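Okay, here's what each chain looks like letter by letter:
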Amino acid sequence: MFIGGILGGKTGVTVAFGLSLAINLVSWWYSDKIVLAMTRAQEILPEQDPTLHRIVEELAKSAGIPKPRIYYVPTGTPNAFATGRGPGHAAVAVTGGLLNMLTPREIRGVLAHEIAHIKNRDVLVSSIAASIAGAIMWLASMARWAAIFGGFGGRDDDEGGGILALLLVSILAP
């Protein structure tokens, strides 16, 4: 909102507040769907991999959270991640590389780590932090283009911070 005030005065504060509110709500509500779509993850049903489902169910029960949905990411890189806005709306994803390279005991250890992220709501905090960073980058980009093309207001507009403020925001905000 401070950067919005520098860029556009009272109107800039209002726009920045609305933008940050919208970005944070979308990030909170859809972060799991966004990341799963980006990685081309496919849900694994219990019939497809009963051992993996049993491991996740045992770990979730031990952690005191509902069992998250389980996804497969088609890549050879060994990795796993957790996503979702909270324990009741969580998912864990494992890559083909992880399933092919590790033993069931090692997979259990990796998934225990991901379940801990879900239990501690680390995923939500990371999603919100990423959305705030994205908003700052977007505002800095706006400031850069405004500086190139003469700012956001007319010559008589004294509410904004001027060309120097636009330049500083576009350099320092990112």
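Nothing here was measured: the structure is a model prediction, and the numbers come from that model. (Residues numbered from 1 in each chain as written. Predicted model: local features only at pLDDT ≥ 70, side-chain atom pairs only at ≥ 80, totals over all residues. Heavy atoms only, no water.)

J.: Hey, could you go over the pairing of strand β2 (residues 69-73) for me, with residue numbers and the actual values?
T.: In the case of a regular strand, side chains alternate between the two sheet surfaces. Across two bridges, the pairing between strand β1 (residues 42-43) and β2 is antiparallel. Looking at the pairing, Gln 42 lines up with Tyr 72 of β2. The pairing of β2 with strand β4 (residues 90-95) spans five bridges and is parallel. Considered in β4, the bridge of Arg 69 is made with Ala 91. (Pairing = 2+ DSSP bridges. Helix = DSSP H or I, 4+ residues; strand = E, 2+ residues; numbered from the N terminus.)

J.: Let's hear about the environment of Glu 114: which residues, and what values?
T.: Tracing the chain through its elements places Glu 114 in helix α4 (residues 104-119). It is 7.0 Å that separates the C-alpha atoms of Glu 114 and Val 92, two residues lying 22 residues apart in sequence. If sequence neighbours within four positions are ignored, Glu 114 has contacts with Ala 80, Phe 81, Ala 82 and Val 92. Looking at Glu 114, its side chain comes within polar contact range of the main-chain nitrogen of Ala 82, at 3.2 Å. (Contact = heavy atoms within 4.5 Å. Polar contact = N/O pair within 3.5 Å; in protein donor to acceptor, adjacent residues only side chain to side chain.)

J.: If you had to explain α4 to someone new, which residues and values would you point to?
T.: For α4, with 16 residues, the first-to-last C-alpha span of 22 Å sits near the 22 Å given by 1.5 Å per residue. Here the buried face of α4 lies against α2 (50-63), β3 (80-84), β4 and α3 (96-101). (Expected span 1.5 Å × (residues − 1).)

J.: Describe the pairing of β4, naming the residues involved and giving the relevant values.
T.: Among the six residues that make up β4, six are buried, leaving the element largely enclosed by the rest of the structure. Of the two faces of β4, the one holding Ala 90, Val 92 and Val 94 and the one holding Ala 91, Ala 93 and Thr 95 are both buried throughout. Between the antiparallel neighbours β3 and β4 lie five residues. (Buried < 20%, exposed > 50% of the residue type's maximum accessible area, 1.4 Å probe, protein only.)

J.: Outline the nonpolar core, supporting the account with residue identities and numerical values.
T.: Counting residues in each nonpolar core, the largest one holds 20 residues, and the members touching the most others are Leu 52, Val 92, Val 94, Leu 111, Ile 115 and Ile 118. Looking at this core, the elements with two or more residues in it are α2, β3, β4 and α4. Ranked by residue count, the leading element in this core is α2, at six residues. One finds Leu 36, Ala 41, Tyr 71 and Val 73 within the second-largest nonpolar core, a separate group that totals seven residues. (Core = buried A, V, L, I, M, F, W, Y, C linked by side-chain atoms within 4.5 Å.)

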